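# Descriptive analysis of the structure
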Amino acid sequence: MSYGVQVGSNVPARARTEKKNSKQKQNRSLLIRTVFLMTVCGVVAFALLAFRLYDIQVVNSAYYESRTLSAQLRETTISATRGSIYDANGKILAMSGPVENVFISPREIMEKEQDMRFIAENLAYILGVDFSDIMEKSTKTSSQYQIIKSKVNDLESEKIRAFISENRLSGIYLEPATKRYYPNGELASQILGFVGTDEHGLDGLEMKYNAYLSGVTGRDIRLTNAKGYDLMLSGYGDYYDARNGSNIVLTVNSSIQYYVEKHLAQAIIDYDVQKGAICIAINPKTGEILAIANYPTYDPNNFLELGGEQIERLAGIEDKEEYEEAYKNAQLLQWRNRALMDAYEPGSVFKIITLAMVLEENKANLDTIFECNGKIDVKLYDDVSTRNCWSRWGHGAQSLNSAIYNSCNVACVRMGLSVGARTFYKYVDAFGLFDKTGIEAAAEGRSIWWDESVFFDTGNETQLASASFGQTFKVTPIQMITAAAATVNGGYLMQPYLVKQITDSEGNIILANEPTMLRQVLSNETSLVMRSILEDVVSLGTGKNANVKGYRVGGKTGTSESIEQLAMLEENDTVNKDYIASFLGFAPADDPQIMILLLLDTPSHETGIYISGGNMAAPVVGKMLADILPMSLGILPEYTDGDFGDINVHMPRVVGQGIDEAGEILRQNGFTYTLIGEGAIVANQLPAPNTSIASGTNVFLYTDGDDAPRDTVTVPALYGMSYNQARTALAEQGLFIRTTGAPKTDGKSRVSVQSISAGREVMYGSVVEVTLIDSDASERRTN
Amino acid sequence: MNKRQAFSETNKPGTQELRLTDDHFPNWRERELSARHIKTAEKAPGVDKPMLVITLVILLIGVIMVLSASFARGSYTAGGPLRLFLRQAIFAVTGIILMLIVSKISTRTISRWSMQLLFVSIILLVLVLIIGIEANGAKRWIGIGGENGILTFQPSEIAKLALILSFAQMICKIGGNKMKTFKFGVVPFAIIIGIVVILLRFQSHMSAMIIVTFLAAIMMFAGGTRLRWFLMVVAVLVSMVSGLIYFQLRAAAPQLDAKDVTIETIVDNVDFSGFGYQGRRINAWLDPDGDPLGDGFQIRQSLNAIGSGGFLGQGLGQSRQKYLYLPEEHNDYIFSIVCEELGFVGAMLIIMLFILLIIRGYWLAMNANDKFGSLIVIGITSLLALQVFLNIAVVTNMLPATGISLPFFSYGGTALWLQLIQIGIILSVSKEIPAPAEDKTEDAGFAYDPEY
């Protein structure tokens with residue numbers, strides 16, 4: 001049966017029509033449903049997709065793009081080499097050198113299925129880092145960069161390389177980095193400051209000039225695949241080359257800095273200084289800072305560690321927290337550039353300024369006589385207040401220059417009163433003592449003065465009286481030396497500065513400082529008088545112990561105590577009083593090339609040496625100048641005949657000579673000698689050739705072969721002895737003497753410190769240097 | 001002779017000729033007769049050219065995109081950058097040959113083998129559970145030749161085609177009126193769906209289950225099953241899902257007031273992680289940034305790729321996400337790379353091509369010479385549309401992730417073969433459409449409608 005047959009058959013027409021209708025209906029239903037499907041599957045569904053794509057790709061494209069790039073872009077920094085810091089003579093004080101960082105890629109180590117324990121054990125062993133630290137870092141398996149140790153040295157990085165190649169490891173890497181080196185260790189540490197691990201300056205000039213020194217870090221931006229490797233076939237990315245940091249040339253002379261620090265450290269030991277010491281050396285004509293030293297000091301290479309013997313001072317602290325606190329404070333103290341930051345009461349050193357204003361105002365001249373009977377009453381409204389001179393009996397009638405070299409308080413009070421409070425403050429202002437000096441430093445301290453309303457009170461002269469001899473106000477050491485420099489350089493207040501020039505990495509000068517005169521405070525004539533009076537202080541007065549044979553040295557002593565302490569202690573309680581022994585010296589006195597201000601904060605009473613600037617600070621400055629003038633500044637000594645007996649001389653070499661020639665040479669050099677043995681040729685000599693030795697020393701010449709004694713001897717205690725007593729005491733032990741400080745020919749000179757402490761065992765024939773002080777030359781402490 | 005008789009008669013063995021009822025090929029005999037009468041055979045129009053051309057264009061773009069997408073990963077692995085592309089190209093060329101061969105097969109032959117194909121595919125679905133290649137804890141692939149097979153294929157792919165063909169066959173046999181009954185219009189189909197879905201459930205093959213279910217529903221819908229049955233199923237599903245969300249909300253946020261329930265609160269509070277793997281995918285869909293390195297990783301990378309394509313794209317070959325950021329970049333997520341490289345413009349162009357293909361498919365269905373041909377073209381076209389939609393919806397995070405590949409684009413040889421074979425079937429149906437007479441071009445109706 002077929003459709004065709006059906007057509008021709010006699011199927012009832014109604015049935016056919018019904019069937020046809022139903023079929024039509026079905027076909028229509030299929031058609032409608034197909035159209036519906038076509039609409040849904042062909043149009044609606046894709047319209048939804050189009051909207052969704054439009055939303056992602058057009059509306060929010062930027063969001064996804066940035067999210068994608070943040071995952072795909074890898075930025076590596078190209079570190080710029082930090083600029084170097086040089087001293088005035090081009091000697092490197094701070095520099096950055098290449099080192100390497102060791103890091104691991106925990107992800108790679110995991111993916112390559114390497115033995116993390118084995119790697120960690122070896123890294124810990126080679127680099128000296130904690131094993132558990134490495135293991136902890138290795139658990140961050142999504143990371144590709146975990147620093148194991150920064151700035152490893154060459155030796156360690158070689159070992160790491162060998163370890164990697166021997167074991168065919170991957171995932172351990174070395175990347176170049178730079179490390180800051182301070183080749184001179186502690187030298188000028190507070191000036192330079194230090195940098196953190198990221199080579200960012202944290203203190204001192206490193207911080208102040210960080211922007212110049214650090215340069216501009218380069219960036220290498222690249223597209224990477226998901227494993228962090230560079231994307232192939234991609235030109236996308238940016239490269240910015242690093243620009244190295246600028247170099248800074250300082251005015252500091254590292255040779256001067258070295259001598260200053262050396263003698264400062266020795267002074268700390270000699271006088272058992274409790275609270276540290278400060279020293280500034282300046283070129284008074286230009287304002288260039290030649291050296292700044294502070295004690296305690298530290299090594300910027302390891303700035304977190306305590307320098308010197310500070311750690312021993314903490315040894316007694318048992319409590320852990322207390323110890324940490326003390327350690328932290330000690331760190332802060334050693335980093336502090338106190339010379340620029342901490343104001344102090346300058347005491348008698350300030351008398352320079354008082355003197356200068358009196359001379360400039362013509363209230364006194366060299367012929368003026370100042371009467372001192374030991375005390376002076378100053379007006380305190382209806383009452384009077386007494387100011388004592390350090391000499392209880394008074395200095396009697398004294399000329400202007402003797403009033404200064406006597407450091408007479410009464411005379412200075414008279415000078416101050418003679419100019420008046422307003423003029424006094426006018427000069428204080430002119431000398432720049434109200435303002436910060438503006439020296440290039442990370443921070444600079446302020447001075448503290450009486451408010452004008454108090455100071456200018458005509459009914460109350462006590463402030464003016466005390467200020468005239470340097471008490472009841474505070475200035476910073478840098479302010480003090482800057483002002484003092486103006487008094488001796490012709491009267492010009494010079495801007496003190498540390499940075500001579502800054503050059504970029506190509507050598508172009510981008511900043512150059514020249515000596516800057518801020519104003520002329522004194523006339524040249526006044527300055528000339530100042531120089532001569534201050535030279536007298538050293539040659540005749542309280543500054544005698546700073547005398548350097550062969551040079552003309554000027555200066556002023558100071559022994560001050562803090563106003564806070566004055567309020568706390570009984571006036572006569574001298575046992576517990578803390579003093580700042582200070583000395584300001586300059587040389588040569590007729591043409592000052594260098595000025596040094598030294599502060600010894602709280603020397604111990606226990607050394608037995610009478611605490612005063614003249615006794616303690618002056619000899620130290622003298623020793624500094626004795627080294628600096630010939631060695632650093634090339635100024636040769638010019639001895640007078642009178643000096644000759646006082647100086648130390650070089651021991652000539654006479655070994656191998658006939659006894660006659662040897663004797664002649666020694667005689668010519670002012671030595672006497674003793675022949676030991678029967679030979680005709682000198683086989684050995686004591687003291688050894690080329691040592692510096694006191695003139696007039698008796699030399700032992702050994703002629704019967706080399707039979708000089710080889711045994712050790714004990715150094716005797718010499719404190720308080722005269723030169724001759726000390727020489728005899730040393731000679732009894734077979735030791736020789738050399739002196740510094742006050743003239744040995746001066747009968748009043750006494751030994752204050754000795755270079756080799758008493759009780760030490762030394763070789764027979766060694767030389768002991770003693771510091772002589774003229775104990776009469778020191779002002780007495782009364783204020 | 002009534003319908004029932006005709007139906008029973010066709011089931012008599014050995015009466016191949018008689019099997020063909022008027023429901024199968026209503027116009028066939030008429031046309032044969034008329035041809036006999038007129039003696040001038042209509043010139044065979046051949047396969048549908050637009051269908052063929054669109055397919056080839058899409059295929060060409062697809063293969064190029066496989067090259068672009070697989071290049072990066074290939075470079076990092078042993079096979080080299082061109083390995084996947086070359087393999088895909090070989091499959092494409094052979095697939096085109098297969099397509100052309102299939103297009104030569106007559107619709108009748110296809111119809112004849114459709115129930116057998118269903119039987120075979122069910123056998124394969126069982127077989128895959130036993131001899132299948134295990135990957136990620138599921139056995140979905142059967143390998144031919146060697147341990148892991150030179151050729152591998154998914155029986156589920158074959159099952160989809162078998163379902164289309166067999167359902168079309170069944171619909172034609174059952175006939176229009178009976179399709180409206182529950183007994184004939186729902187039950188037989190439901191049984192077959194049940195068997196297939198359960199077998200797919202053993203493979204944990206969620207995407208195939210979804211597609212098979214939708215496909216079956218579309219076939220039944222086209223075949224004339226009453227709408228009420230669909231509505232009932234939809235109602236049941238909706239109530240199940242809302243019940244699930246309700247209890248989740250009650251548990252997660254008991255203080256929540258009914259009027260405060262919004263999409264946000266649902267997204268914030270509903271957690272499907274208790275539903276295993278699929279549940280975690282739903283969570284990642286709702287909040288891709290919730291677990292950016294875990295479940296949300298893939299969809300985030302996909303969105304990154306699509307979004308960074310922008311309007312005009314990074315340029316062909318310039319995708320950056322393919323450099324190991326986006327997993328499955330040459331496979332299920334190839335469209336993300338397409339979007340990144342070709343931009344919104346390129347993506348829309350490709351979507352337009354798919355729309356053309358699909359609309360052309362439905363158009364061919366409407367013009368098919370017979371109901372069977374019409375139904376299988378509807379089925380294949382719908383399958384294609386479903387796959388394209390679900391794939392793009394997943395990569396754009398409109399829907400939770402399922403493992404649905406993008407036809408003609410995603411890497412995969414045997415799947416591509418099957419897709420091309422399916423197009424071959426459409427072409428086979430299309431070539432039997434008579435060329436419209438000049439004066440009838442505007443009457444684009446069902447060609448087999450007896451009215452014509």
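Structure: see above.
Since we're looking at a predicted model, the values are computed, not measured.

### Focus on the sheet that holds strand β10 (residues 289-295) of chain A
Strand pairing in a sheet relies on backbone hydrogen bonds, with the paired strands running either antiparallel or parallel. All names here are of chain A. If you trace the five strands from one edge of the open sheet to the other, you get β10-β9-β21-β20-β19, paired in antiparallel fashion. Bordering the open sheet on either side are β10 and β19 (554-560), each of which pairs with just one other strand. For this sheet the average axis-to-axis angle between neighbouring strands, irrespective of direction, equals 5°. One ladder, built from six bridges, connects strand β9 (residues 277-282) with strand β21 (residues 594-601); its direction is antiparallel. For cysteine 279, the partnering residue across the bridge sits in β21 and is leucine 598. Set on the sheet, helix α11 (residues 254-270) makes contact with β9, β10 and β21; between it and β10 the angle comes to about 25°.

### Some thoughts on the packing of helix α15 (residues 351-360) of chain A against helix α22 (residues 524-539) of chain A
Residues and elements named next belong to chain A. It is the contact of α15 with α22, at a shortest axis distance of 10 Å, that shows an interaxial angle of 140°. Judged on the interaxial angle alone, α22 and α15 are oblique. Where α15 crosses over α22, the handedness of that crossing is right-handed. When α15 is examined against α22, the residues Ile352, Leu355, Ala356, Leu359 and Glu360 are found in contact with a partner set consisting of Thr526, Val529, Met530, Ile533 and Leu534. Among the residues forming the contact of α15 with α22, the class breakdown is eight nonpolar, one polar and one charged.

### What to know about the sheet that holds strand β23 (residues 672-676) of chain A
Residue and element names in this part refer to chain A. Taken in spatial order, the three strands make up an open sheet running β23-β26-β24, and their pairing is mixed. Across the chains shown, the open sheet's two edge strands, defined by having one partner strand only, are β23 and β24 (684-686). Geometrically, the sheet is characterised by an average inter-axis angle of 25° between neighbouring strands, direction not taken into account. Where β24 and strand β26 (residues 698-702) come together, three bridges link them in antiparallel fashion.

### Examining unusual backbone geometry
All names here are of chain A. With an omega dihedral of 5°, the bond running from tyrosine 295 to proline 296 counts as a cis peptide bond. Among the secondary structure elements, proline 296 is positioned in the loop between β10 and α12 (310-313). In this structure, aspartate 272 is a non-glycine residue whose phi angle is positive, near 50°. Within the element layout of this structure, aspartate 272 appears in the loop between α11 and β9. Even without being glycine, threonine 472 reaches a positive phi, approximately 65°. Along the polypeptide, threonine 472 turns up in the loop between α20 (462-468) and α21 (477-488). Note on threonine 472: 19 C-beta atoms within 10 Å, which makes it partly exposed.

### Describing the interface of chain A and chain B
Of the residues lining the interface, 43 residues belong to chain A; the matching set on chain B comes to 50 residues. Contributions of two or more residues to the side of chain A that touches chain B are made by α1 (3-8), α2 (13-59) and α3 (61-72) of chain A. Per-element accounting of the side of chain A that touches chain B gives the leading share, 24 residues, to α2(A). Among the residues making up the side of chain A that touches chain B, the classes are represented as 22 nonpolar, 14 polar and seven charged.

### Re the packing of helix α16 (residues 371-395) of chain B against helix α17 (residues 413-431) of chain B
All names here are of chain B. Two elements in contact, α16 and α17, have axes separated by 10 Å at closest approach and are oriented at 150°. Considering their axes alone, α16 and α17 lie roughly antiparallel with respect to each other. The handedness of the crossing between α16 and α17 comes out as left-handed. Every residue of α17 that contacts α16 at Gly373, Ile376, Val377 and Ile380 is listed here: Gln422, Ile425, Ile426 and Val429. When the residues that make up the contact of α16 with α17 are grouped by side-chain class, the tally is six nonpolar, two polar and no charged.

### Brief notes about the nonpolar core
Residue and element names in this part refer to chain A. Residues Cys279, Leu600 and Leu625 are the most contacted members of the largest nonpolar core, which totals 140 residues. Of the residues forming this core, the biggest block, 10 residues, is contributed by helix α24 (residues 613-632). Both domain 2 (75-247) and domain 3 (341-638) contribute no fewer than three residues apiece to this core. The contacts of cysteine 279, once residues within four sequence positions are left out, are Val260, Leu264, Ala293, Ile596, Leu597 and Leu598.

What counts, and at which threshold
Residues numbered from 1 in each chain as written. Chains lettered and ligands numbered in written order. Predicted model: local features only at pLDDT ≥ 70, side-chain atom pairs only at ≥ 80, totals over all residues. Pairing = 2+ DSSP bridges. Helix = DSSP H or I, 4+ residues; strand = E, 2+ residues; numbered from the N terminus. Axes fitted to C-alpha atoms, helices over the stretch in contact; angles between N-to-C directions. Contact = placed C-beta atoms within 7 Å. Parallel < 35°, antiparallel > 145°, perpendicular 65-115°, else oblique. Left-handed = near helix turned anticlockwise from the far one by under 90°. Nonpolar A, V, L, I, M, F, W, Y, C, P; charged D, E, K, R; others polar. Buried ≥ 20, exposed ≤ 12 C-beta atoms within 10 Å, placed from the backbone. Core = buried A, V, L, I, M, F, W, Y, C linked by C-beta atoms within 7 Å. Domains from an automatic or database assignment.

The quantities given are spatial measurements derived from coordinates; they are silent on function.
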